[in-house]
Structure formats: C-alpha cells, structure tokens
Amino acid sequence: MRKILALFVILTLLASALPAMTQDTVELRIRWYNDGNEGEVLRDLLDRFEADNPDISVEIDTVPYSAILENLPLDLAAGEGPDMARVTDLGGLAQYYLDMTPYLSDPAYWEENFGPFLNWKRVPGDDSSIPGFMTQLTITGPFINRTLFEQAGVEVPSDMSDSVTWEEWAAASVAVAEALEIPYPMAMDRSGHRFAGPAISMGAMYFDDMGHPTVMDEGFRNMAETFVNWHLDGTMHPEMWPLSEGYANAYEEFANAELAFYMAGSWAVGQFSEAIGDAFDWQAVPNPCGPGGCTGLPGGAALVGIVTTEHPEEVARVMEYLTSQDVLGEFGARTLFIQAHAGLSESGIDWNTDLQLAKDALSVFVGQVGTLTQTAFDLQAYIYNRNVFNATRDRLTQALVGELTLDEAIERIQDDVDTALAEVSG
Amino acid sequence: MQADKISLGQFLSLRSGGKRVNTADALTYLYLTIGTILMFGPVLWLVASSFKTQAGLLKYPPPLLPYQQVQVEVEGYDDPLPLFNVTMEDGSARELAQVRRVGIEAQMVDPADPGAERIKVNISQREPVEEVKLAWENYLDPLIEIDYFDFITYLKNSVLVTSIATVITLIINSMAAFALSKYRFKGRDAIFVLFISTLMIPITVILVPVFLVITSIGWKNNLWGVIIPGAATPTGIFLLRQYMLTIPDELLDAARIDGGSEWHIYWRIILPLARPALAVLAIFSVMWRWNDFLWPLIVLSQNDYFTLQVGLNAFQGELQIQWHYVLAMTVVTLLPITLVFAFLQRFITTGIATTGMK
Amino acid sequence: MRLIDILDRITRPLLLLLVMSVDRILTLIQGRVGIDKMGYFFVLPNLLIFGIFVLFPMLLNLYYAMTGGTKLFPADRPFVGLDNFATLFDCDDFLSPNSCQEDLFWRGIFNTIQFVVLQVSAIVLFSLLTALALNRRIIARGFFRSVFFYPVLLSPVVVALIWKWVLQYEGVLNAIVELFGGESMRWLLDTNWAMFWVVFVSVWALMGFYTLILLAGLQSIPPELYEASSIDGANTWQDFRFVTMPLLMPTMFVVLVLSLIRAVQMFDHIFVLTGGGPGTRTQLMVQYIYTTGFSNQIQLFGLSAAASMVLGVSLLILTLLQLRLGNQSSLA
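Residues numbered from 1 in each chain as written. Chains lettered and ligands numbered in written order. Predicted model: local features only at pLDDT ≥ 70, side-chain atom pairs only at ≥ 80, totals over all residues.

**Thoughts on the overall build of chain A**
For step 1, the next point in the chain: Across its full length, chain A carries 18 helices and 8 strands.
For step 2, the next point in the chain: On C-alpha atoms alone, chain A measures out to a radius of gyration of 23 Å, which is about the 22 Å that the 2.2 N^0.38 rule sets for 426 residues.
For step 3, the next point in the chain: Each of the three principal axes of chain A carries a C-alpha extent, and together these read 65 × 65 × 55 Å.
For step 4, the next point in the chain: Looking at the 426 residues of chain A, the share that counts as buried comes to 56%.
For step 5, the next point in the chain: Partitioning the contacts of chain A with sequence separation of at least 6, the portion at a separation of at least 24 is 76%. (Helix = DSSP H or I, 4+ residues; strand = E, 2+ residues; numbered from the N terminus. Rg over C-alpha atoms; globule rule 2.2 N^0.38 Å. Buried ≥ 20, exposed ≤ 12 C-beta atoms within 10 Å, placed from the backbone. Contact = placed C-beta atoms within 7 Å.)

**Section: the pairing of strand E5 (residues 184-188) of chain A**
Residue and element names in this part refer to chain A.
For step 1, the next point in the chain: The buried fraction of E5 amounts to 5 of the 5 residues, a majority that puts the element mostly inside the structure.
For step 2, the next point in the chain: As defined by bridge partners, E5 adjoins strand E6 (residues 259-265) across 4 bridges and the pair is classed as parallel. From the neighbouring strand, Met-188 faces E6, where its bridge partner is Met-263. (Pairing = 2+ DSSP bridges.)

**Quick look at helix H17 (residues 385-400) of chain A**
Residue and element names in this part refer to chain A.
For step 1, the next point in the chain: Spanning 16 residues, H17 covers 22 Å between terminal C-alpha atoms, matching the ideal 22 Å at 1.5 Å per step.
For step 2, the next point in the chain: Of all 16 residues making up H17, 16 are buried, and the element is well covered by its neighbours.
For step 3, the next point in the chain: Count one or two residues on from H17 and you reach Gly-402, which has phi positive near 85°. (Expected span 1.5 Å × (residues − 1).)

**Topic: the interface of chain C and chain B**
For step 1, the next point in the chain: With 86 residues of chain C at the contact, the number on the chain B side is 79 residues.
For step 2, the next point in the chain: Among the elements that make up the side of chain C that touches chain B, the one with the highest residue count is helix H2 (residues 38-65) of chain C (19 residues).
For step 3, the next point in the chain: For the side of chain C that touches chain B, the residue count by class is 56 nonpolar, 21 polar and 9 charged. (Nonpolar A, V, L, I, M, F, W, Y, C, P; charged D, E, K, R; others polar.)

**Topic: the nonpolar core**
For step 1, the next point in the chain: Counting 296 residues, the largest nonpolar core has Ala187(A), Ala260(A), Tyr262(A), Ala176(B), Ile227(B), Leu240(B) and Trp163(C) as the members making the most contacts within it.
For step 2, the next point in the chain: Ranked by the residues each element gives to this core, the list is headed by helix H8 (residues 191-219) of chain C, at 18 residues.
For step 3, the next point in the chain: Those residues within four positions of Ala176(B) in sequence are excluded, and the remaining contacts are Ile237(B), Phe42(C), Val43(C) and Asn46(C).
For step 4, the next point in the chain: Of all hydrophobic cores here, the second largest spans 10 residues; its members include Leu81(B), Leu83(B), Val109(B) and Val121(B). (Core = buried A, V, L, I, M, F, W, Y, C linked by C-beta atoms within 7 Å.)

**Quick notes on the environment of Val199(C)**
Residue and element names in this part refer to chain C.
For step 1, the next point in the chain: Following the sequence through the fold, Val-199 ends up in helix H8.
For step 2, the next point in the chain: Sequence spacing of Val-199 and Ala-263 is 64 residues, and the spatial spacing of their C-alpha atoms is 9.6 Å.
For step 3, the next point in the chain: Those residues within four positions of Val-199 in sequence are excluded, and the remaining contacts are Phe-115, Leu-118, Gln-119 and Ala-122.

**A word on the domain arrangement of chain A**
Residues and elements named next belong to chain A.
For step 1, the next point in the chain: According to the domain assignment, chain A contains domain 1 (24-137 + 299-356) and domain 2 (140-298 + 371-425).
For step 2, the next point in the chain: Here the C-alpha centre of domain 2 lies 29 Å away from the C-alpha centre of domain 1.
For step 3, the next point in the chain: At the junction of the two partners, domain 1 supplies 17 residues and domain 2 supplies 18 residues.
For step 4, the next point in the chain: For the side of domain 1 that touches domain 2, the residue count by class is 7 nonpolar, 8 polar and 2 charged. (Domains from an automatic or database assignment.)

**Examining the packing of helix H4 (residues 103-134) of chain C against helix H12 (residues 285-295) of chain C**
Residues and elements named next belong to chain C.
For step 1, the next point in the chain: Running from N to C, H4 and H12 point in directions that differ by 150°, and their axes come no closer than 7 Å. By the angle between their directions, the pair H4 and H12 is classed as roughly antiparallel. Contacts between H4 and H12 pair Leu-104, Phe-105, Gly-108, Ile-109 and Thr-112 from the former with Met-285, Gln-287 and Tyr-288 from the latter.
For step 2, the next point in the chain: Residue composition of the contact of H4 with H12, by class: 5 nonpolar, 3 polar and no charged. (Axes fitted to C-alpha atoms, helices over the stretch in contact; angles between N-to-C directions. Parallel < 35°, antiparallel > 145°, perpendicular 65-115°, else oblique.)

**Describing the interface of chain C and chain A**
For step 1, the next point in the chain: With 30 residues of chain C at the contact, the number on the chain A side is 34 residues.
For step 2, the next point in the chain: Those elements giving two or more residues to the side of chain C that touches chain A turn out to be helix H1 (2-33) and H12 of chain C.
For step 3, the next point in the chain: It is H1(C) that contributes the most residues to the side of chain C that touches chain A, 7 residues altogether.

**Looking at the domain arrangement of chain C**
For step 1, the next point in the chain: The domain architecture assigned to chain C consists of domain 1 (1-35) and domain 2 (102-299).
For step 2, the next point in the chain: Using C-alpha coordinates to define each centre, domain 1 of chain C is positioned 44 Å away from domain 2 of chain C.

**Describing unusual backbone geometry**
For step 1, the next point in the chain: Phi at Asn221(B) takes a positive value of approximately 55°, unusual for a residue other than glycine.
For step 2, the next point in the chain: Considering the arrangement of structural elements, one finds Asn221(B) in the loop between helix H6 (207-217) and helix H7 (223-227).
For step 3, the next point in the chain: Phi at Ala140(C) is positive, roughly 55°, even though this residue is not glycine.
For step 4, the next point in the chain: Tracing the chain through its elements places Ala140(C) in the loop between H4 and helix H5 (141-149).
For step 5, the next point in the chain: Judged by C-beta crowding, with 12 C-beta atoms within 10 Å, Ala140(C) ranks as exposed.

**Here we look at the packing of helix H8 (residues 192-201) of chain A against H17(A)**
All names here are of chain A.
For step 1, the next point in the chain: At a minimum axis distance of 8 Å, the contact between H8 and H17 shows a crossing angle of 90°. It follows that H8 is roughly perpendicular to H17 by the angle criterion. Where H8 approaches H17, its residues Gly-192, His-193, Phe-195 and Ala-196 are matched on the opposing element by Val-388, Phe-389, Asn-390, Thr-392 and Arg-393.
For step 2, the next point in the chain: When the residues that make up the contact of H8 with H17 are grouped by side-chain class, the tally is 4 nonpolar, 4 polar and 1 charged.

**Comments concerning helix H10 (residues 236-265) of chain C**
For step 1, the next point in the chain: The terminal C-alpha atoms of H10(C) lie 38 Å apart, and with 30 residues this falls more than 12% below the ideal 44 Å at 1.5 Å per residue.
For step 2, the next point in the chain: Within H10(C), the axis deviates most sharply at Met249(C), by approximately 50°, and proline Pro250(C) lies no more than four positions further along. (Bend = angle between axes of the 7 residues up to and from the residue.)

**Structural notes on the confidence of the model for chain C**
Residues and elements named next belong to chain C.
For step 1, the next point in the chain: Residue-level pLDDT values for chain C average 85, and 96% of them are 70 or greater.
For step 2, the next point in the chain: For chain C, the element scoring lowest by mean pLDDT is H1, at 75; H4 scores highest, at 94.
For step 3, the next point in the chain: With pTM at 0.85, the complex prediction returns an ipTM value of 0.84. (pLDDT = per-residue confidence, 0-100.)

Spelled out as structure tokens, the structure:
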C-alpha cells in the first residue's frame, strides 16, 4: 500500500510539472486529421516556417476524423477551439471562423486566387471575409480497374463515347465481373455527398424555388430507385451501405482488384498511388451522364483560422506562408491534392510522383471542373448540406435492406431535413 | 486457502458418482477447450495479423502466418525487385524478378542473368514468391517514424491517467464505503441509493452536460478533466461497502477505546482488511481507465495530452483507416494491461469470493 | 521493485507528514462533531465529485430535454416544455415504428428489448456453465480462468475490430467454413445473423466478468452440504438442483441485475461492429441518443436528452422491479 502511494506522489508531482513551458514564442495550434501523408508534408513546411520565424511555433494536433465532425463543433460552440483547424463542414462552422482580412498584408491575393471558394466558408450574407484556404479541392468521380476490363475483353465505355450513362457503366461492370468472377461490379462510397453527383446528373434539383432543400423530385427518385435496384441485383457492393455507421469506402476491394468500377473522388489518387502503384491499371473516368448533366460534386477540406484565437496576426502570418504559390504548390505536389488556387491552376502543378497512372487520374479530375453543374456548386456552398447528405445516406440504407419502401425513404429524408432545419431557425 | 478447501470438498462430492466422473470430466475439458479456442483464438489472430503488411492483410483466404513477397537485388537496378514464379509458354516454371508492369503484361528479368533480354509475361502467368517475414515496420513506424503519433507522450499520459485515477478512486471510494457501512448518520441510505442508481446511466447519454461542466471549470485539455469525473464509481462503492459490512464492528470499538481517531481506524484497520476488495477494484479501475476512449476524446484535443487510445484513433482519417498501424498499436496497448492482469489476477477470484457479492 | 523501494524511501517522510496532518486536523474536527457525524466527512469527497460530474449534469440533461434549438449553452436555448417528449411519442401505432414521427427511436426500443432478452439469457447460461466447469477439480485451472476472463480486459473498439475482421466476407470464419466445404456467407448482412453475432460478440466480451462472480458464489457454498447430500445418495444432477442452485440464487440475482443494466446500456461494441446495421436492425436506444445529439450536423440536444430521460426512467423502473422481486425471493 505504502509503495503504491509513494508511486502516486511521484506521479502527481510529474503531472503538476506537465504544463511547464517556455513562453517566449507564440504557440499556435492546428486541429488536423490525416488521410495520407498530408500531415507529414505540412509539418515539414511548417518546420521551414518556424526556422524563419523564431517567434512563432505551430503545433499540429492530429485527431480522428470523427473528432473533426463531432467534437470540434462542440469545442467551437463552447469557445474552446484551437487557433486553426482543418474542416470539411465548411459552411456549417463558418460562424466560428476568423476573418483574417485586417491582418493580411495582401488580401487582394486571396480574392484573386481563391475567389470562388472563399464563399464556401462564409455564413450566408457575408461576401467579404477571408477565413482560410482549401487544403484540397476535391471532385467526386469514378475510378475503373482498366486491367480487369481488358482481361474480361469488355470495351471501356468511356473509350467509345464522351457521354456514358450510368446504365451503360453498370452493364459493362457487370459483364466484367461475370467474365472474371470477381465479387463486386460496382461500389459507391457510403456518403450522401457521393450520391449527390449522380442524382444531379439524373435531374435532381436539390433546392426548390425558395432555395429550401428538397429531394422530392423525379430526378432524385430515379437515381435512388436505380441505386436500390443495383443493390438488390448484386451490381453494387452489398455490404458497404447496409453495414456501416457513417462514412465507409471500398479502397480495399478496389486495391485488391475485386472491384471494376468505384465511385469515389479525386482525393483517392494519393491512396491508390501508395496502395496499388502500378500493380494494375487504375484510371479515373469522367462522371457518367444523365438528363441533368455529367456532374460530380465539388468539395474539399479547408484550413481556417478560428475566431477565438488570441493571436490573429500570427495566424495570418502562418496562413500567408502556407498559401504563397510556391509553398501551396509544393504541398499539392507532394500530397497529390488538387489545389483551388488560380495561379496554380494556370501554371499547373508538377505532381511529385513517377506514376503516370496517378498523373493521368489527376488530370482527368482537373479536366472535369468545367462539367460541374450549377446545382452541384450550389449544393456544395449550402451550409447545411451535410444535413441533407446524412439523411440521404441513412434513409436510403433503410430502403436497401427493405425496412422502408423507396417512397417512404424519400419522404423520411425530406422530413429529417425539415425537422433539423426547423430547430436551426426556431 | 479457504477457497481451495471448498473446491476440494466439492470435488469430492462430485466424485461420488464413480464411473460417471470420467464422462463429466471429459465434457468439462471439451467445453473448456472449445471455450479457450473461442475466447483466446481471436486475440491470437489479432497479434498474428499485426505482423502482416498492408498488402498481406488483404489476402484471402487469410494466411495464418505473415507472408511477404521476396525482394531480390539485381545487378543494374537500384532498388530490389519483387520475385515471381512464372509459368512460361512452354509450360516450364522459372523464378523471375519483375522490372515493371504495363497493363496485363509484366517485364521480367532473370536475377541470375540480368544482362539477358527482358522477358514479357502475361500477369496471370506469375505468382509472387513469398516468405514468412514479420512486418516490424507496423510497430516501428508509429513508434519512431511517424511524427504525429507521439508514442512516448501518449504512453506517459495513459500511465499518469490510469495510475492517478486508480489511486484516487481507491481512496475516495473506500472512504465513502467506510462511511456508508460503519456509521449511522442522517441521509446515509439516501446517499447510498443515489450512488447506486447512477450505476445505470451510461456516460454516453450525458456527454454534452458533462462537457459543459468540464469547460466551465477550465479542465478542457487538462488530464484532471479525464481523471476526476469518473473517480466516484458506484460499482466501487457497492463492492467495497459489501465487503466492509463483513468486518466486525468490535474491531473498530476496540481501536476507539485505545484512543484511535476515526481517520486512524480507516487508515490502519479498515484499509488493510479490505485489501482483497481493493485489489479487485484496482483491476477494474485500471481496465476502465486504460481503455477509456469516448470521454478522453472529448476532454483532450491537443497532442501533448492525448492518451494512447485517443492517439491510436488518429490513424482513422476521413477516407482511409491504416489498418496495419491500428492493429500493431492495439497490440502495444494490450501489453501493459495484460501485465497488470497477470500480476493481479490471483487477487481477482479471492477478492470477489470474499467481497460478499451475494 | 528496486525503483519503487527508492521512491518509497524518498516519499515516506512526506507521506507520513501528510497522513499525520490529516489525522491531526480530523481529530480536531472529530472532537467538535462527534464520532457518528464523521461519516459525512468520509463520504464528502466522493459526494462532491458525484454531485458535480454526475448529478448536476443529469439535472442539466433534464433541462436540455425541455428546450429546443441547436445552441449549446442552456441559457441560449428556448424552453419548449414537453414538446420533445411529444415528438418522441408521436405515433399512430406504437407497435409499428414506421408510423412514428421518430421511427428510429422506436426501432431502437424494439431492438433493445430483443437484444437484452437474448443477451442476458445467453450471458447467464454460459457464465453459469463456465463457472461450474471452472469450479471442478481440473488441471490448469488458473490458465482456463485467465483465458475466459481475458476478453473483459479488451476495449470495446478492439473487440469489435477483432470480430469485424473475423466475420467479414473474406474473413477467418468464412475461410474455416469453406475449409469444411461450406458456403461463404455475409454474416452481418443477414438480419437474423446480424442480431446473433451482435449478441455473440457482446457475450464473448463480457461473460468473463459474470463467470468470476458466479465462481466466487460457487466457492462460498459450504462443502459440508455436498457431503451431506452424498450421504443421502444424491447424484450430480440432484446436487446441482437441490444444493447448488438454491444457494447460488443470490449470486445469480446479482449477475442478472448487473448484466441487464449493462445490456441496456450497450453501445460501443455494436457501433463499431455493425454500425447498427444492416439498416437499423441492430441499432439500439443508446445509439439513437448518441447520433441525434452528437454526430449529426445539426445536433438536436433537446430531443436526444429527452430520449435519454426515457431510457433512464425505464432503467430505474426495471431495477426497482428486480429489487422488489429479489427481496421477495430471498424472503421466501
């Protein structure tokens, strides 16, 4: 007993000595999450910054992505946020962002280079604040395993036509799977965001005349019905949607060459370069077409300043460093993240990879920016879009397993969206 | 001691059936063996899997042992090349190293004769040559290389939280249990019922209010914010109180006659006598604290204060879970608790057996 | 041990001083208030922590349940009275979740009831069997005891990860099934199998704890009783039926109460294993409370708090009922 207590006393002394830190530099903290190597690249870039700016030190707090979605909003609401954070709920958290305009040496640079994307990070009605920049611009879109198509002797539909429909892709993928006896013709990330691109292509409007979110239209229903049927007839990966909570992906299946067609997005290029390399020919293909267009959905993550920071000037200095064309270009090149920066779009990024497959895939995605429809941009800019996406994801899942009919599911989506919105305004 | 005697007696009573014993014994061992495979097999599987490479984890059917593809140094090439077993067109088999792959065609070279012309092979005609090799990098990368996983800091925090919390829990719970079992004062029963009824409310459902309390105290990103809220465990009080009820009051009275203060009685008489029950609570407390995840994740958001469980989950990004690291680090977090258990496990049964949990 | 000895030597005087000064102060207080009131002092630290971090948040939760909006701080939230409860109980037909406004809440309730019944009976049955086996005179008893207890040490996330790994389509279980000539299966996708595996995994993870309690109960049965019954010519079954079972009832009761409470609270294991799926087949009440109040973009704290009040009250009733029954059976 006494020995345990002795240990305890020592430990308490240790614990009380924990916060002892030298305070001659300003310490900034970034709440961050990782998908791949971006945390290491950022650390490397910041080390250089710190060497040139000895009065600032930047700490990266890497947390699980779920903590960015669930815990960060609570912290922000309670005024316990970090100095900067990497967020994906761009509009939903906009009320907590720092407007860096007064601290930036050249705000015009930001307007010029990040112009259209600043809007995603602003509360409705605000058209001038500069809260941060996109660490990556993403576009949803499909990948195919070209090697499988070749081995199966099935023509790749996008080789023959510029506008392939979803049905054509489904038929080709099923043919590949049957010929090679691979388990999954198609898969789509478990995410309402991924579903939205195809839905818009099929004609879904997502907003009514008043600008209120709606899923009660023919276009949405058509895509939803197709999607449910694909699960029933085995075209789609049977487990991903029904058997998960929140987001799920099919990286493993795709990397394992068990999947012919995979609806994901540009962020996956880095992963595939690592995990697949040139083990087979993986390829990004243009988003399939329908009556509503051939669109994916834009999106991405942003690094933003948080309004409660005690060091807004230093935050702005770090941000200016990270957004300078050279540094941002290097960040993009090394992470294989597409950048939302006008200067870089013009000069192009020299991707830091030897893998031709990766370069090709990235240029397919970059080339698709022009095909994104207005609805897709509006939906991405809508601050409660995650509310719509999550309801879509969860209710469609219930329709897939037969707990709800399709029409019930669509009604429930609308109902969930409306109920939550009523609480926001009420 | 007593426990052994009892089981011996029971054993004798079960022996009374003569021949029946063998069947019963056989059934017992059969049950225990199947149980052992079911209970411990998955854990061993976890440990074995943690030594597989990222690619190895994807194999099906999953191999028991961690295989890796053999890499060979070939003259004229900077990096080692992967080795394959190739079935040639004439049906013969050769061992070749792959230079690169284009589509469904692989360009191979004979490691023994690197100067010769490259051999083109259809990729379905080759099988990787594999050897059993432990992927230690699953362990070493997070421990050394990856700078966003600061293992030493997380370990220190986990040890601090677990040990301080356990000591505090033991002290305040035993004090409360002492009061609730050995004193008569107004409101005693009410307090006891209050404590016990909270056994039922999982923290999951009151996360937001507790979070508010923590931030208003200023314990956000403070280890005390993780340690203190869970210290008043109803289970601990229940366990200790039941045990202390069995300590005869005469011992206390005798000490009082000798002029011992109440604190003296608690410290010198009750605590030593309650040691088995304290050991049980210690194991449970260590277990709860070491594995706790949901609550620390809410209180802690800065790397310097992360516990292992929180740090471990940083391997789960938006888009990908790095399984090979998750598995390896899971095994690492299992080690300390396994050691604590191995050390304290002899107390568990005697402890519970004598806590009067009936 | 060496290091600890050194630490011990350093801290011993410190500690002695601490204990002595606490003793000195307390003796002073004791002189004022008398011995019996010292109970308050001993219960105080625990009561403080309990009050601040458990009781107060619960009251706060009650208040949340009666407010609406999405603001975090209670003062910013509009008071809506019992509206949230009305929303939860807005059903055309209480037996059909689809007819309810909050259908997921009701699905959660029905799933929880089914899960609890299955899981608690399985836990009681297998803990008892294991305890009886471990109570026999067997070799390597300590080993078996540890093996059955070990899963209790694992965190819920680890447990779920292990089993997810085993049960996936290209997992160990299917590899074994194929080895014996069976057909691979999507174990978690089938609605009935999913519930089975959720129950199975939670039993796997928790039964060690209850086994130990029952083992302790078995060991405290006086051996003389078995000797007496064997003189009466009783066989093993009769021993079990007329000696073991009646004397084990109080322990069984503790196991029943504890496992029931734990089953109703079940969350992490299932959340990671099936995410509540397929669809919402294994989504339990606690998951509804968690997602509604925490993991949605628009966090409905009020509705979530109201649901947790419903959960709390039903747990309370359940426990009081059990205690009543327990008292009756032990009186009889």
